[in-house]
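Single-letter residue listing:
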Amino acid sequence: IGLSGLEPETTYSYQIYIDDKPAGEDHLFETWPSEGEAGEFRIGMGGGAGYTPKNERMWSTIQRYDLSGFLMLGDNVYIDDPKHPATQRYCYYRRQSQPQFRRFAASTSLAAIYDDHDFGTNDVVAGANVDTPAWKPKVWRVFKENWANPSYGGGEEHPGCWFDFKIADVHFIVLDTRYYRSLKKNDILGPVQQKWLFDTLGSSDATFKLIVSSVPFAPGVKGGSNDTWDGFPAQRKRIFSFIEENEIEGVMFLAADRHRTNIRRIPRQNGKYFYEIMSSRLTNIHTHGLMKYAKGSEFVAGYNKKPSFAILHVNTKKDPASLNVRCVNINGEEQFQRGFTIDNLYSKQKSEAQENLISQGEKINSQRFN
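Notes on the structure follow. (Residues numbered from 1 in each chain as written. Predicted model: local features only at pLDDT ≥ 70, side-chain atom pairs only at ≥ 80, totals over all residues. Heavy atoms only, no water.)

1. Here we look at the side chain of Asn315
Okay, step 1: Locating Asn315 in the fold gives a position in strand E14 (residues 308–315).
Okay, step 2: At a separation of 3.4 Å, a polar atom in the side chain of Asn315 contacts the main-chain amide nitrogen of Lys318.
Okay, step 3: Leave out the neighbours within four places in its chain, and Asn315 touches Gly39, Glu40, Ala321 and Ser322. (Helix = DSSP H or I, 4+ residues; strand = E, 2+ residues; numbered from the N terminus. Polar contact = N/O pair within 3.5 Å; in protein donor to acceptor, adjacent residues only side chain to side chain. Contact = heavy atoms within 4.5 Å.)

So, in structure tokens, the structure goes:
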């Protein structure tokens, strides 16, 4: 259902009717700041959301932060059965029938990409073809039934879950790292999506450009596995080089897959750094180590003791424009925070004082949601 004529930064209420009878309760949502203009907003991100009854309260915790939106970054449900659409629909229904998730999704703008467990099976490599294996387009269609994304890849001709959108003057460029993944071709995106990425990134005039991937760009974070961008180093190098050669500013990477929330630096040969924020333990019980020492990337901050998510607080009205990162656990307790500005995003932070730019007045009260 598409709604037009809505005003920016305005709260609206709505009610769903089935056969002229109200279904459920009234809900509220707030529209985003005007696209292309300076603004301030908070958006959440996370993956790793296997159905875990005792942790389904996570959705209520997130909802209390009244975010402009939330990025579901893959493994949003665990299915691991790509050949049976009925199983897939059941796994989505099981999650969406929970009252905590229903309230969260009814008031928060959601966008989603899949990863291995909600696309295929563990660490799946499905190959470069559109229609083979035969289950690929069917999984894609079930995915579309369950997430109201702005668009879905290249449509029926080139299926996928890549898309982009803007909030204020922040550009989210969201990738599909599963549908066309081919180790034989050393390609994680496929040629159509790679061209779209370069065209979209190269033409963006946004202050911040946030490149979103279900698996990390940062090297060494999965113990030598080919499942991350480590399995596709040449394509990763092309993307990094494209950003540097075209002097594209304000780029940061967002990812999931690793069952923790952390920030890593990716050193470049020119002495500068890219930064990546990862979060993928929304409800999962299983935990991954913090990987404080990994070949090719550097640990900045991390948390893995309890389920958690990340909040990005973006303010492009400030001079310089800022992007602050907070890690919050399932109990609403803040675990770490780091701040970046547009003029230091591509350089190594010199000290904790420079990294932690959030004022005491902005800090989340860790006891608020206990």
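2. Considerations on empty space enclosed by the protein
Okay, step 1: All chains considered together, the criterion is met by 1 cavity of 30 Å³ or more.
Okay, step 2: The volume enclosed by the largest cavity comes to roughly 30 Å³.
Okay, step 3: What lines the largest cavity is Ile79, Asp80, Asp81, Pro82, Gln88, His117, Asp118, Phe119, Gly120 and Val139.
Okay, step 4: Residues that form the lining of the largest cavity fall into these classes: 4 nonpolar, 3 polar and 3 charged. (1 Å grid on protein atoms, 1.4 Å probe; cavity = no way out; pocket = protein on both sides within 12 Å on 5 of 7 lines; lining within 4 Å. Points joined across faces, edges and corners; volume = space filled by probe spheres on them. Nonpolar A, V, L, I, M, F, W, Y, C, P; charged D, E, K, R; others polar.)

3. Here's the deal with the pattern of salt bridges
Okay, step 1: Summed over the entire model, instances satisfying the criterion amount to 15 salt bridges.
Okay, step 2: Two residues, Glu56 and Arg95, come together in a salt bridge whose shortest N-O distance is 2.9 Å. With Glu56 in the loop between strand E3 (40–46) and helix H1 (58–63) and Arg95 in helix H2 (residues 85–96), this residue pair connects regions lying 39 residues apart in the sequence.
Okay, step 3: Its relative accessible area of 3% is what places Arg95 among the buried residues. (Salt bridge = Lys/Arg side-chain N within 4 Å of Asp/Glu carboxyl O. Buried < 20%, exposed > 50% of the residue type's maximum accessible area, 1.4 Å probe, protein only.)

4. Some thoughts on the sheet that holds strand E5 (residues 110–112)
Either a parallel or an antiparallel arrangement is found when strands of a sheet pair, and the pairing is made through backbone hydrogen bonds.
Okay, step 1: On the basis of which strands lie adjacent, the open sheet formed by 6 strands has the order E5-E4-E3-E14-E15-E16 and mixed pairing. Each edge of the sheet is formed by a strand with only one pairing partner; in this case those strands are E5 and strand E16 (334–341). Between one strand axis and the next, the sheet turns through 20° on average, direction left out of account.
Okay, step 2: Note that strand E4 (residues 69–72) and E5 share 3 bridges and pair parallel. Note that in E5 the partner of Leu71 across the bridge is Ala111. (Pairing = 2+ DSSP bridges. Axes fitted to C-alpha atoms, helices over the stretch in contact; angles between N-to-C directions.)

5. Focus on the packing of aromatic side chains
Okay, step 1: Tallied over the entire structure, the rule returns 29 aromatic pairs.
Okay, step 2: Relative to Phe101, the ring of Trp59 lies with its centre 5.1 Å away and its plane at 90°, an arrangement referred to as edge-to-face. Within this pair, whereas Trp59 is found in helix H1, its partner Phe101 is found in helix H3 (residues 99–107), the two being separated by 42 residues in sequence. The same class applies to Trp59 and to Phe101, which are both buried.
Okay, step 3: Seen from their ring centres, Phe217 and Trp229 are 4.3 Å apart, and the 15° between their planes marks the pair as stacked. (Phe/Tyr/Trp six-rings, centres within 6.5 Å; stacked < 30°, edge-to-face > 60°.)

6. A word on the nonpolar core
The tendency in soluble globular proteins is for nonpolar side chains to be buried side by side.
Okay, step 1: The biggest cluster of nonpolar side chains holds 99 residues, and the ones touching the most others in it are Leu71, Phe172 and Leu312.
Okay, step 2: The residues contacting Phe172, other than those within four sequence positions of it, are Phe41, Ile43, Leu71, Phe163, Asp164, Phe165, Ile167 and Leu210. (Core = buried A, V, L, I, M, F, W, Y, C linked by side-chain atoms within 4.5 Å.)

7. A closer look at the layout of surface pockets
Okay, step 1: Volume-wise, the second largest pocket comes out at about 290 Å³.
Okay, step 2: What lines the second largest pocket is a set of 15 residues, among which Ile248, Glu249, Gly250, Lys272 and Tyr346 lie closest to the centre.
Okay, step 3: Across the lining of the second largest pocket, the residue classes tally to 7 nonpolar, 3 polar and 5 charged.

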